[in-house]
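So you can see what is in the structure, the chains are spelled out below.
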Amino acid sequence: MPILLELRQGIGEPEQVPLSTGKQLSVGRRGMWRIEGPKVLDIHGHFYYDGVVLFVMSESDRNPVLVNRAEVSTDWTPFKGPAEIRMGGVVISFVGSIGQEDSGVTLARVPPP
């Protein structure tokens, strides 16, 4: 079952993106998911979902992605929803799997390939 990422602040097309199992998604002004806002890089960050775990990675240490106000490194980092994700002035929310109240997304031991 896919998870849902939703734009809360900023400009993006589309405003919601389902992320399916095994898919990686780049996000930024020129990413697979195009977003616009202050200080957003061409490619600002990446998401990967393995069906159980959502991973996030910053493209650059100089302007990192923030998850719940904590900086995310350029290494794949697992996290559990709900979460507020900031890329520059853009805010994205992750609340879990589509159609489920409890996301069931848990922390991982091994990063994605």
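From a predicted model like this one, the values you see are computed outputs, not experimental measurements.

Cut-off values and rules
Position numbers for residues count from 1 along each chain, tracking the sequence in the order it is written. Under the rules for a predicted model, residues below a pLDDT of 70 receive no local features and side-chain atom pairs below 80 are neither given nor counted, while totals for whole chains, interfaces and linings still include all residues. Only heavy atoms go into the side-chain values, all of them from the structure, while hydrogens and water stay out. Pairing between strands requires that DSSP locate at least two bridges from one strand to the other. Counting from the N terminus, the helices are the DSSP runs of H or I reaching at least four residues and the strands are the DSSP runs of E reaching at least two. Fitting a line to C-alpha atoms yields each axis, with helices limited to the stretch in contact; the angle taken between N-to-C directions then spans 0 to 180 degrees. Stacked, edge-to-face and tilted labels apply to pairs of Phe, Tyr and Trp rings (six-membered ring for Trp) whose centres lie within 6.5 Å, assigned for plane angles under 30 degrees, over 60, and everything in between, in that order. Exposure classes here rest on a 1.4 Å probe applied to the protein chains alone. A residue is buried below 20% of its type maximum, exposed above 50%, and partly exposed in between.

## Some thoughts on the sheet that holds strand 4 (residues 23-28)
Link 1 in the chain: If you trace the 6 strands from one edge of the open sheet to the other, you get 2-5-4-6-7-10, paired in mixed fashion. Every interior strand has two partners, whereas the edge strands, strand 2 (11-13) and strand 10 (77-79), have only one. Each neighbouring strand pair of the sheet contributes to a mean axis angle of 25°, computed without reference to strand direction.
Link 2 in the chain: Bridging between strand 4 and strand 5 (residues 33-36) involves 2 bridges; their strand directions are parallel. The residue of strand 5 that forms the bridge with Val27 is Trp33.

## Let's talk about the packing of aromatic side chains
Link 1 in the chain: For the structure on display, the rule yields 3 aromatic pairs.
Link 2 in the chain: Residues Tyr48 and Phe55 carry aromatic rings whose centres are separated by 6.1 Å and whose planes lie at 45° to one another, so their mutual orientation is tilted. Phe55 shares its class with Tyr48; the two are buried.
Link 3 in the chain: One aromatic cluster is present, formed by Tyr48, Phe55 and Trp76 through successive ring pairs.

## Digging into the pairing of strand 4
Link 1 in the chain: Looking at chain direction, strand 4 and strand 6 (residues 45-49) are connected through 5 bridges and run antiparallel. Residue Gln24 lies in a different strand from strand 6, and its bridge partner there is Tyr48.

## A closer look at unusual backbone geometry
Backbone phi values are negative for most residues with the exception of glycine, while trans is the configuration of most peptide bonds.
Link 1 in the chain: Here the residue pair Glu13 and Pro14 is connected by a cis peptide bond, since its omega of -5° sits within 30 degrees of zero.
Link 2 in the chain: Among the secondary structure elements, Pro14 is positioned in the loop between strand 2 and strand 3 (16-19).
Link 3 in the chain: At Lys39, a residue that is not glycine, the phi angle is positive and equals roughly 65°.
Link 4 in the chain: Positive phi outside glycine occurs at Asn68, with the angle close to 50°.
Link 5 in the chain: Mapped onto the elements, Asn68 comes out in the loop between strand 8 (66-67) and strand 9 (70-71).

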